[in-house]
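Below are the chains, spelled out letter by letter.
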Amino acid sequence: MDIRPIRWLAPALAVLLITACGSMAAKRTPREEALYTYVSAIRWSDFEAAANFVDPMVLAENPITDLEKERFKQFQVSGYLVKGSSEPSEDRYEQVVEIRLVNRNTQVERIITDRQQWRWDAEAKRWWLMSGLPDLEPR
């Protein structure tokens, strides 16, 4: 039996499979991409990167203070779970998120609820977080 045809058949099938799988992957919408990137920043406790999603108009009115930045450094995010979401209009999105935080100094875990409000900026072609970064103060 001549195995020469098999030599090219296996790599050709592999390339075909990889191409098919790649084309099946759905592209994210701008909102999905923004939420995915924001969640990644929060899960890695990178609040500085997460602050890049806060609406510039909100930051102009309520800038993040040095004290708040230091407070964010005290916590490690141990969980992030979207509890609910709604789309009041095409350019607005809201979600309620449960965030689990561990205090790096005391190793005590705390759960906070973050009520996020997002808006689409057609001019900048991006989503902005209008509700600001999560409030870490206990309620």
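See above for the structure.
Read on for an overview of the structure. The structure displayed is predicted, hence computed values, not measured ones.

Comments concerning the pairing of strand β4 (residues 126-129)
Here strand β3 (residues 109-121) runs beside β4; their pairing, made up of 4 bridges, is antiparallel. For Arg-119, the partnering residue across the bridge sits in β4 and is Trp-128. Here β3 hands over to β4 after 4 residues, with Lys-125 in that stretch at a positive phi of 55°.

What about the layout of surface pockets?
The rolling of a water-molecule-sized probe over the atoms marks out the regions of remaining empty space. Estimates place the volume of the largest pocket at around 590 Å³. In terms of lining, the largest pocket is formed by 25 residues, of which the most central are Phe-72, Leu-133, Pro-134, Asp-135 and Leu-136. Mapped by element, the contributors of at least two residues to the lining of the largest pocket are α4 (56-61), α5 (66-73) and β3. By residue number, the principal contributor to the lining of the largest pocket is β3, which donates 6 residues. In the lining of the largest pocket, the residues fall into 13 nonpolar, 4 polar and 8 charged. Of the voids in this model, the second largest pocket is the one considered here, and its volume is about 210 Å³. For the lining of the second largest pocket, the secondary-structure elements that each account for two or more residues are α3 (47-50) and α5. A per-element tally of the lining of the second largest pocket places α5 first, with 3 residues.

What counts and how
Numbering of residues starts from 1 in each chain and follows the order in which that chain's sequence is written. Residues qualify for local features only when their pLDDT is at least 70, as the model is predicted, and side-chain atom pairs are given and counted only at 80 or more; totals for whole chains, interfaces and linings, by contrast, use all residues. Excluded from the side-chain calculation are hydrogens and water; included are all heavy atoms of the structure. Here, strands pair whenever DSSP counts at least two bridges between them. Secondary structure elements follow DSSP: runs of H or I no shorter than four residues count as helices, runs of E no shorter than two count as strands, and numbering proceeds from the N terminus. Buriedness for pockets is judged along seven lines, at least five of which must meet protein on both sides within 12 Å for an open set on the 1 Å grid over protein atoms alone, while cavities are sets there where a 1.4 Å probe fits but cannot get out, and lining residues have an atom within 4 Å of a point. Grid points are joined across faces, edges and corners, and a volume is the space filled by probe spheres set on the points. Each residue is assigned to one of three groups, with Ala, Val, Leu, Ile, Met, Phe, Trp, Tyr, Cys and Pro labelled nonpolar, Asp, Glu, Lys and Arg labelled charged, and all others, Gly among them, labelled polar.

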